[in-house]
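# Working through the structure, step by step
Residue-level listing of the chains:
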Amino acid sequence: MNNNFKNIWQYAKKYIWLIVIGLVLLFLIQYLYTYITIFIQYAFNILGKPSNNINLPSFILIFFEGFSEPLQKILAVAGALVLVQIIRFSMRFLNNVLNSRIKESINFDVRTKLYNHIGDLNYSYNNQADVGDLIQRATSDVDTLSMFVGTQLQSFLNVFLTMFIACYQMGRINMLLMLVSLIVTPIIGISSIIWFKYVNKAYTDIENTESTLTTTIQENVNGARVVRAFANERYELDKMDKINRSFRDKNKKLGKKEAFYWGFSDSIVTLQYAVTVILGVYLSRKGIVGSADIIACLLMLGMIIYPMRNLGRIVSSFGKTSVAVKRINEILDTPSEYEVNGNLTPEINGDIEFKDVSFHFDDTTHNLLNNVNFKINSGETIAIVGKTGSGKSTICNLITRFLETTSGDIFIGDTNIKDIEKHYLRKNIKMVMQDPFLFSKSVYDNITIATDKSDNNAAKEAARTAHIDLDIDNFIDGYGTLVGEKGTTLSGGQKQRIAIARMLVEKSPIIIFDDSLSALDTKTDYLIRKELKKKKLSKTMIIITHRTTTAKEADGIMVLNNGSIEAFDTHEHLIKQPGFYSELWEIQGKLETEFNTSLKEASIND
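All residue numbers refer to positions counted from 1 along the written sequence of the respective chain. Where local features are concerned, this predicted model is filtered to residues with pLDDT of at least 70; where side-chain atom pairs are given and counted, the filter is 80 or more; whole-chain, interface and lining totals use all residues. Computation of side-chain values covers all heavy atoms of the structure but excludes hydrogens and water.

### Considerations on the packing of helix H4 (residues 70-120) against helix H6 (residues 131-173)
As a reminder of what qualifies: Every axis in this analysis is a line fitted to C-alpha atoms, fitted for helices over the stretch in contact. Angles between the N-to-C directions lie between 0 and 180 degrees. Working definition: helices are DSSP H or I runs of at least four residues, strands are E runs of at least two. Numbering for both runs from the N terminus. Orientation categories follow fixed angle ranges, with anything under 35 degrees roughly parallel, anything over 145 roughly antiparallel, 65 to 115 roughly perpendicular, and all other angles oblique. Note: crossing handedness is left-handed where the near helix turns anticlockwise from the far helix by less than a right angle, and right-handed where it turns clockwise. Any two residues whose heavy atoms approach within 4.5 Å at even a single point are treated as in contact. Under the scheme applied here, ten amino acids are nonpolar (Ala, Val, Leu, Ile, Met, Phe, Trp, Tyr, Cys and Pro), four are charged (Asp, Glu, Lys and Arg), and all others, including Gly, are polar.
The interhelical angle for the contact between H4 and H6, taken along N-to-C directions, is 155 degrees, at an axis separation of 9 Å. Here H6 runs roughly antiparallel to H4, going by the angle between their axes. Pair H4 / H6 crosses with right-handed handedness. For the pair H4 and H6, the contacting residues are Asn-95, Asn-99, Ile-102, Lys-103, Ile-106, Asn-107, Val-110, Arg-111, Leu-114 and Ile-118 in the first and Leu-134, Arg-137, Ala-138, Thr-139, Val-142, Asp-143, Leu-145, Ser-146, Met-147, Val-149, Gly-150 and Gln-154 in the second. A class-by-class count of the residues in the contact of H4 with H6 yields 11 nonpolar, 7 polar and 4 charged.

This is the structure we're talking about:
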């Protein structure tokens, strides 16, 4: 439990002064409430229920005694009650404002911290992350934490604060009644600890199930077209129904346990009232206390019993918050990829060299790349071909340091990329993926996502180079057209060309096409590459492709096979050598006619 408090406190300590001020206000609110019971005790005393234990301040007693008629005294007491309640209301209002500020501030801080940290996590983490689970941790788990710190933490401290005040005032009336009123507190305290241990485990299970539920919903929304395309709605509905039932049943089970716990607590509270009333009547008959004292003690008993009873609710919230904080910390404790970073910002001219580079993921010993060596000179266009899983994309991810080499070194110019600051490196290397991600923004915003949005000419020039300008002009709102989440309103080729335009807005010495021309027809593919060379928008171009018609135009072709370089030569030499590339060319050779036709058409258009 200490670790749970410590984990929660790390997020609350920033607002320690607001919490302290809130506790001071809470102390005053509860302390003034005890005077309400004493006022009522005094009123009953006026009505003939004698008491010798009226513990009001002397100046208030002098004020009340200044009225000769009982009715006047009662009205004076009523006025005092209204005044005290107005003061308590003002303090409660201020306290609620402080609590709200704490809650929303923690919400903002933790959510921002999570968002920034997730953005800094490495490529492998983001590849394996469960998106639905991350969304839940950054939303409902953060809300659970902020709600507890903003309200329940103070309520937890309020339990003991209120008990202390009530016991103090009750002890001044009669010490025996006060001691008897505390009989059930150990029972409620022990039952709360047992309850906490149960709910901590139960909420962990419920949170995991809810995470699976969120992921299922998220997957179905994103994959709605695939589900419909395969007429697989029944299967997905059944899967959702199974998970939803599991989530419902676990909550129902917890609800039953809660019902028993609250019933048990209510029984203990009722028993405590009964014991206090019986003792009060006995003491009254003995002449030790007056009936007004009994009434005051019963009112104050609520200040002892109900906060203790509420302890179970707070413990439930504490258990849920402990689980939420653990899930949040699991993300924040994951090391940022920038913990391993360089600090150099050398001029990047486009030279790339791999020296004995090998790579495998942390969860396996099987190498995706084995002692790879090659050099690309500035200004060259290199195509990389190979079977699926041969390591083509891995090479590109190593160049951008999305992945780190297991062994060996990569040099940009004369500088080892491990010594280059990652942000700077990626600013100078642009990569377009096969399935590019577009944001739910306008076409223009997507093209200028990382640049000066006011430079219309640069955005339009990049669109022309990517041969997407005519398509954009035909959109209803032109560059202002919303593309939908992940670009769902666009075709695959349109998405790829917008992603290419986005890359071209920032002129970088190295550009990489990770099979990102696959959705384009041969002619458009050729025209884009020709435009890039003509405008010299980069010094070095790397193209991952399965098209020999695309690869043959490169200055060199790297053939990968099972993580090793099978060959690295020009198209003319490779088609004469036995191996993967010559076999691929033989299969795709008939496309050469189509390619030449496209080339002639492009020349005529020029």
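We are not done yet, so read on.
### Thoughts on the pairing of strand E7 (residues 510-514)
Quick reminder of the rule: Exposed residues in this analysis have more than 50% of their type's maximum accessible area, buried residues have under 20%, and partly exposed residues fall in between, with area computed by a 1.4 Å probe over protein chains only. When DSSP finds two or more bridges between a pair of strands, those strands are recorded as paired.
Burial of E7 is extensive: 5 of the 5 residues sit out of reach of the surface. Across the two faces of E7 the burial is the same, with Ile-510, Ile-512 and Asp-514 and Ile-511 and Phe-513 all buried. Sheet analysis places strand E6 (residues 429-432) next to E7, joined by 4 bridges and oriented parallel. Directly across from Val-432, in E7, lies its bridge partner Phe-513. In this structure, E7 lies alongside strand E8 (residues 540-544), joined through 5 bridges in parallel fashion. Looking at the pairing, Ile-512 lines up with Ile-542 of E8.

### Some points on helix H15 (residues 456-465)
Operational definition: To obtain the arc, one takes the directions from the helix axis to the C-beta atoms.
Among the residues of H15, those classed as buried are Ala-459, Ala-462, Ala-463 and Thr-465. Along H15, the residues classed as buried sweep out an arc of 160 degrees about the axis, all on the same side. Just beyond H15, the residue with positive phi is His-467, at close to 55 degrees.

### Points about the sheet that holds strand E4 (residues 407-412)
Strand order in the open sheet made by the 4 strands is E2-E1-E4-E5, with antiparallel pairing throughout. A strand with exactly one partner marks an edge of an open sheet, and here the two such strands are strand E2 (369-376) and strand E5 (415-416). Here 5 bridges tie strand E1 (residues 352-359) to E2, and the two strands are oriented antiparallel to one another. The residue bridging Phe-359 from the neighbouring strand is Leu-369, located in E2.

### Describing the packing of aromatic side chains
Let me state the cut-off plainly: Only centres within 6.5 Å qualify two rings of Phe, Tyr or Trp (six-membered ring in Trp) as a pair; their planes then separate them into stacked at under 30 degrees, edge-to-face at over 60, and tilted for everything else.
Scanning the model with the defined rule gives 5 aromatic pairs in all. Plain terms: the ring middles of Phe-354 and Phe-374 are 4.4 Å apart, the flat faces sit at 20 degrees to each other, and that makes the pair stacked. Taken together, the positions of Phe-354 in strand E1 and Phe-374 in strand E2 put the pair 20 residues apart, joining distant regions of the chain. The exposure class of Phe-354 is buried, given its relative accessible area of 1%. Here Phe-374 and Phe-568 contribute two aromatic rings whose centre-to-centre distance is 6.3 Å and whose plane-to-plane angle is 75 degrees, an arrangement assigned as edge-to-face. In this pair, Phe-374 sits in strand E2 while Phe-568 sits in strand E10 (residues 564-569), placing the two residues 194 residues apart along the sequence. You can call Phe-374 buried: its relative accessible area is 7%.

### Regarding the pattern of salt bridges
Put simply, the test is: Any carboxyl oxygen of Asp or Glu that lies within 4 Å of a side-chain nitrogen of Lys or Arg is treated as forming a salt bridge with it.
Summed over the entire model, instances satisfying the criterion amount to 16 salt bridges. A salt bridge links Asp-141 to Arg-327, with the shortest nitrogen-to-oxygen separation between them at 2.6 Å. Here Asp-141 is found in helix H6, whereas its partner Arg-327 is found in helix H11 (residues 291-332), with 186 residues between them in sequence. Asp-141 gets classed as buried once you look at its relative accessible area, which sits at 0%. For Arg-327, a relative accessible area of 4% corresponds to the buried category. Among the ionic pairs, Glu-404 bridges to Lys-422, the shortest N-O distance being 3.4 Å. With Glu-404 in the loop between helix H12 (392-399) and E4 and Lys-422 in helix H13 (residues 422-427), this residue pair connects regions lying 18 residues apart in the sequence.

### Describing helix H10 (residues 233-285)
Worth spelling out the cut-off: Under the convention used throughout, the expected extent of a helix is 1.5 Å for every residue step, that is, one less than its residue count.
Taking 1.5 Å per residue as the helical rise, H10 with its 53 residues ought to reach 78 Å, and the 76 Å between its terminal C-alpha atoms agrees with that figure. Positive phi shows up at Gly-287, right after H10, with a value of about 80 degrees.

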